[in-house]
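For reference, the chains in residue letters:
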Amino acid sequence: MLVCISQMTLCTQVGSEVAEAMRIIYGGSVNDQNAGELARKEDLDGFLVGGASLKGKTFAKICTSGAKTAAKVLA
């Protein structure tokens, strides 16, 4: 939902061409339980991993939680 609102807001503020070129990175709480769901979000281009990146096993699960996830993880 937040991603859709952001996309619509960008379209209104800067136009559709610029909005589509923008990358949306989720900066909320990312963990091994929600990484797969986040990676499947169509309009979400990636996410930042904070404290979970300091836990080896948890971070590994985040990176392998889905085919698209590894390409979207920014630690």
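Please refer to the structure higher up on the page.
About the criteria used
Residues numbered from 1 in each chain as written. Predicted model: local features only at pLDDT ≥ 70, side-chain atom pairs only at ≥ 80, totals over all residues. Heavy atoms only, no water. Helix = DSSP H or I, 4+ residues; strand = E, 2+ residues; numbered from the N terminus. Contact = heavy atoms within 4.5 Å. Core = buried A, V, L, I, M, F, W, Y, C linked by side-chain atoms within 4.5 Å. Buried < 20%, exposed > 50% of the residue type's maximum accessible area, 1.4 Å probe, protein only.

Trainee: Give a description of the environment of Met22 that names residues and reports values.
Mentor: Positionally, Met22 belongs in the loop between helix H2 (16-21) and strand S1 (25-26). Put simply, Met22 and Gln7 are 15 residues apart on the chain and 9.0 Å apart in space, counted from C-alpha to C-alpha. When neighbours within four sequence positions are excluded, Met22 is seen to be in contact with Leu10 and Asp45.

Trainee: For the environment of Gln33, give the residues involved together with the corresponding values.
Mentor: Tracing the sequence through the fold places Gln33 in the loop between S1 and helix H3 (35-39). A C-alpha to C-alpha distance of 8.0 Å links Gln33 and Ile62, two positions 29 residues apart in sequence.

Trainee: With reference to specific residues and values, describe the nonpolar core.
Mentor: Counting residues in hydrophobic clusters, the biggest one holds 10 residues: Ile24, Val30, Ala35, Leu38, Ala39, Leu44, Phe47, Val49, Ala52 and Ile62. No other element matches the 3 residues that H3 contributes to this core.

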